[in-house]
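Chains, contacts and geometry: an overview
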Amino acid sequence: MPAHPWRREPYRILFPIGAALGVFAVLPFVFRGAGGGSLALFHSIAQIQGFLTCFVVGFLFTFVPRRTGTPPPAGWELAAAVVLPVAAVTGAWLDEGMFPYAAWLALVAIVLTFTLRRLRRGSAREAVPAVFVWVPVSLAAGAAGAVLAAAAPPVASGVPLAWTIGRGLLVQGLVAGLVLGVGGFLVPQLTRGEAATEASDPATRRRALAWHLLAALAFFASFPVESLLDYRLGVGLRAAVASAVLLLVARIHRPPTVRGLHRWLVWLGAWLVPLGFWMGAMVPRLRGAALHVLFVGGFAQLALAVATHVALSHGGREDRLVASPRSLRVMAALLAAAFGGRILAGIDRSHVASWLSVAGMAFTGAVTAWAVLVVPALRLSAPARARERPSREP
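This text gives an overview of the structure that appears in the document. (Residues numbered from 1 in each chain as written. Predicted model: local features only at pLDDT ≥ 70, side-chain atom pairs only at ≥ 80, totals over all residues. Heavy atoms only, no water.)

As a further point, take empty space enclosed by the protein. What the rule picks out here adds up to 2 cavities of 30 Å³ or more. Approximately 370 Å³ is the volume attributed to the largest cavity. Lining the largest cavity are 21 residues, and of these Val 179, Val 182, Leu 302, Ala 303 and Val 306 sit closest to its centre. Of all the secondary structure elements, the ones that give two or more residues to the lining of the largest cavity are helix 3 (39-68), helix 8 (161-192), helix 11 (261-282) and helix 12 (287-314). A total of 7 residues in the lining of the largest cavity trace back to one element, the largest contributor, which is helix 8. Computed from the structure, the second largest cavity encloses a volume of approximately 90 Å³. Lining the second largest cavity, in full, are Leu 52, Thr 53, Val 56, Val 57, Trp 104, Leu 107, Val 108, Val 111, Leu 139, Leu 174, Val 175 and Leu 178. (1 Å grid on protein atoms, 1.4 Å probe; cavity = no way out; pocket = protein on both sides within 12 Å on 5 of 7 lines; lining within 4 Å. Points joined across faces, edges and corners; volume = space filled by probe spheres on them. Helix = DSSP H or I, 4+ residues; strand = E, 2+ residues; numbered from the N terminus.)

So, about the nonpolar core. Judged by nonpolar contacts, the single largest core of 121 residues is most densely connected at Phe 132 and Trp 134. Tallying contributions element by element places helix 8 first for this core, with 15 residues. Residues in contact with Phe 132, not counting those within four places in the same chain, are Leu 60, Phe 63, Val 64, Thr 115, Leu 119, Gly 181, Val 182 and Phe 185. (Core = buried A, V, L, I, M, F, W, Y, C linked by side-chain atoms within 4.5 Å. Buried < 20%, exposed > 50% of the residue type's maximum accessible area, 1.4 Å probe, protein only. Contact = heavy atoms within 4.5 Å.)

On to helix 12. The terminal C-alpha atoms of helix 12 lie 39 Å apart, and with 28 residues this matches the ideal 40 Å at 1.5 Å per residue to within 8%. At Gln 301, helix 12 is bent by approximately 30°, the largest bend along its length. For helix 12, the tally of buried residues reaches 25 of 28 residues, placing the bulk of the element in the interior. Two residues or fewer past helix 12, Gly 316 is found with a positive phi of approximately 75°. (Expected span 1.5 Å × (residues − 1). Bend = angle between axes of the 7 residues up to and from the residue.)

Let's shift gears to the layout of surface pockets. For the largest pocket, the calculated volume is near 1000 Å³. The wall of the largest pocket is formed by 41 residues, among which Arg 167, Val 171, Leu 291, His 292 and Phe 295 lie closest to the centre. Here the residues of the lining of the largest pocket sort into 24 nonpolar, 12 polar and 5 charged. (Nonpolar A, V, L, I, M, F, W, Y, C, P; charged D, E, K, R; others polar.)

Although it is not a glycine, Arg 251 adopts a positive phi angle of roughly 55°. Looking at where Arg 251 falls in the secondary structure, it is placed in the loop between helix 10 (231-248) and helix 11. Residue Arg 251 is classed as buried on the basis of its relative accessible area of 14%.

This part covers the packing of helix 14 (residues 326-347) against helix 15 (residues 352-378). A pair of packed helices is captured by two measures, namely the crossing angle of their axes and the spacing between those axes. It is at 7 Å that the axes of helix 14 and helix 15 come closest, and there the two elements cross at 160°. Here helix 14 is positioned roughly antiparallel relative to helix 15, judged by the angle of their axes. The way helix 14 lies across helix 15 gives a crossing that is left-handed. Of the residues in helix 15, those in contact with Ser 327, Leu 328, Val 330, Met 331, Leu 334, Leu 335, Ala 337, Ala 338, Gly 341, Arg 342, Leu 344 and Ala 345 of helix 14 are Val 352, Trp 355, Leu 356, Ala 359, Ala 362, Phe 363, Gly 365, Ala 366, Ala 369, Trp 370, Val 372 and Leu 373. Residue composition of the contact of helix 14 with helix 15, grouped by class: 20 nonpolar, 3 polar and 1 charged. (Axes fitted to C-alpha atoms, helices over the stretch in contact; angles between N-to-C directions. Parallel < 35°, antiparallel > 145°, perpendicular 65-115°, else oblique. Left-handed = near helix turned anticlockwise from the far one by under 90°.)

Quick look at the structure:
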């Protein structure tokens, strides 16, 4: 029997939930600190374990089965993907201690198992590029980070090292690693219409897999290096690895050649990921601003731009992909304002609350503009219900 449309295209429900959680994450800053629990902790959990997690899972649950010709997520897997991020964010709002991490870890276990089972199929090994190995490795590293952050014992002298390392793996490493794994083949396809170049020779493919595994090991090892040895050395190592993958594999030094504003946003977001790391390594006193180059300019912009492509291409709105709709231009401008406001909050400390409020309002407006453009294409139409043939489109 054919799978239900929600299971074949789970992004239709997960993208809107992620967008709503992203807005919820910044509302305390809009209202100048009103909110539940620890504000900084709630914000990071809502952004990473809510907003970005929903976009990542929506993409993986849609892309992996199509690319590998394997079954879509089961009904219970999709239900877990809908419920658990909301539960994690709600638990953080209520200051429920370890509960947000436990809920999110349960989802990561489901997504990691889902992905590995499909990648182990014989046909999938050739269908998925070697750079995609970053995806399961990043999910595992993020899970390890969540365990360390949740289980780190309290100490009277300050923040425990295990918490610092775990927090880095979860907040920075997880999404950055996913960007490298997915961006390695998706950025050339979206921005220049280039198919991923993958060696057909098994020996060459094994070497590529080994290269990416070593790069991922160095990337995630940078977090204990940062905490135990030297901050600049650890962040510089991350910057070097991210730059190497995105330049050598995604070839981001080549600008977009396909029409469509969202393609330029993907390209710019891919550049801002390594640039955020380099900024932190070279100017440690601006590490807070550097993190938001990474988060707002890199992660959030990539999530919204890629989601725009997925929703419009699958929703029969391909004509809008080669244009620059007003709502997309508004989204890009407001993301830039959120990006600038958050950086200024790290520089102009005397007006930090005002700049955070500006950044929060701008981000809320950007997500609203994205929704105006994308939500009509997310509704299940008659053609979407009838669509059964597999596709390799992202």
